[in-house]
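Residues per chain, in single letters:
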Amino acid sequence: HVGWGYGVFFFVYISTVVFAMFRIITAMFLKDTLRAASMDIDTTIAENIFERRHYTRKLFDFFIAADSSGDGYLSVQELDAVLADEKVRAYLSTLELDATRIRDLSAFQDGAEEICIEDFVRGAMRLKGAARSQDVASLIRDLQSTAGKVDDVHRSIQRLEGFCNNTLVI
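About the thresholds
- Residues numbered from 1 in each chain as written.
- Predicted model: local features only at pLDDT ≥ 70, side-chain atom pairs only at ≥ 80, totals over all residues.
- Heavy atoms only, no water.
- Core = buried A, V, L, I, M, F, W, Y, C linked by side-chain atoms within 4.5 Å.
- Buried < 20%, exposed > 50% of the residue type's maximum accessible area, 1.4 Å probe, protein only.
- Helix = DSSP H or I, 4+ residues; strand = E, 2+ residues; numbered from the N terminus.
- Contact = heavy atoms within 4.5 Å.
- Arc of directions from axis to C-beta.
- Phe/Tyr/Trp six-rings, centres within 6.5 Å; stacked < 30°, edge-to-face > 60°.
- Salt bridge = Lys/Arg side-chain N within 4 Å of Asp/Glu carboxyl O.
- Polar contact = N/O pair within 3.5 Å; in protein donor to acceptor, adjacent residues only side chain to side chain.
- 1 Å grid on protein atoms, 1.4 Å probe; cavity = no way out; pocket = protein on both sides within 12 Å on 5 of 7 lines; lining within 4 Å.
- Points joined across faces, edges and corners; volume = space filled by probe spheres on them.
- Nonpolar A, V, L, I, M, F, W, Y, C, P; charged D, E, K, R; others polar.

1. Side note on the nonpolar core
Counting 21 residues, the largest nonpolar core has Leu59, Leu83, Leu92, Leu97 and Phe120 as the members making the most contacts within it. Contributions of two or more residues to this core are made by helix H1 (4-66), helix H2 (76-83), helix H3 (86-94) and helix H5 (117-127). For Leu59, the residues in contact, after removing those within four places along its chain, are Leu95, Leu97, Phe120, Val121, Ala124 and Met125.

2. Things to note about H2
By the burial criterion, the buried members of H2 are Val76, Glu78, Leu79, Val82 and Leu83. On an axial view of H2, the arc spanned by its buried residues comes to 160°, and they lie on one face. Exposed residues lying more than 90 degrees from the buried face of H2 are Gln77 and Ala81.

3. Topic: the packing of aromatic side chains
By the definition in use, this model includes four aromatic pairs. Summarising the aromatic geometry, the rings of Phe9 and Phe10 are spaced 5.4 Å apart at their centres and angled 70° between planes, so their arrangement reads as edge-to-face. Exposure remark for Phe10: the relative accessible area of 45% places this residue in the partly exposed category. For the ring pair Phe9 and Tyr13, a centre distance of 6.4 Å and an interplane angle of 15° mean the geometry is stacked. You can see Phe9 and its partner Tyr13 sitting in helix H1, four residues apart, about one turn around the helix. By relative accessible area, Tyr13 is classed as partly exposed at 48%.

4. As for the pattern of salt bridges
For the coordinates displayed, the defined rule picks out five salt bridges. Close ionic contact of Arg57 with Asp61 constitutes a salt bridge, the shortest N to O distance being 2.8 Å. Linking Arg57 with Asp61, this pair stays in helix H1, spanning four residues, or about one helical turn. For Arg57, a relative accessible area of 47% puts it in the partly exposed group.

5. Brief notes about H3
Two or three places before Lys87, at the start of H3, stands the capping residue Asp85, its side-chain oxygen 3.1 Å from that residue's backbone nitrogen. Two residues or fewer past H3, Glu96 is found with a positive phi of approximately 60°.

6. A closer look at unusual backbone geometry
Within the chain, Glu96 stands out as a residue other than glycine whose phi angle is a positive 60°. Looking at the secondary structure, you find Glu96 in the loop between H3 and helix H4 (106-109).

7. Remarks on the layout of surface pockets
The calculated volume of the largest pocket comes to roughly 210 Å³. Asn48, Glu51, Arg52, His54, Tyr55, Lys58, Thr94, Leu95, Glu96, Met125 and Lys128 together form the lining of the largest pocket. The dominant element in the lining of the largest pocket, judged by the number of residues it contributes, is H1, at six residues. By residue class, the composition of the lining of the largest pocket is three nonpolar, three polar and five charged.

This is how it looks when you write it as structure tokens:
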């Protein structure tokens, strides 16, 4: 015969030990999960860097193939000639580039007839992806154009101000 006090003591003791065991097992799972998550972040960063380099390499290869003159610059005529090919447009689509928006590269929009490889790759990286990226590139081009016009207006106002000052002095 065992007294009821011993029963309560052993019940509390066994419950505490079982609870502690569950906590230890949970902590071990949590530790492994956090370690795996930190490895996943590092892996994700490494994959993103690799994908960006791979994508850049594909753009370089496209530029070199499109540069029929071999002078290191892609002219509007060379670009139009290569974009006339359906396979090229499909290839650009696999690169998440809309072939009709390639001419939206800022160097072509500034009136230049040619674009160097660095500007091409930089501009194509901006155009990559969904319409949001293309809209941003278009907004950048429009903003640059507007900034030039504002500068022209500012110079005109300064000339007008100088003219008014000279007229009032006489």
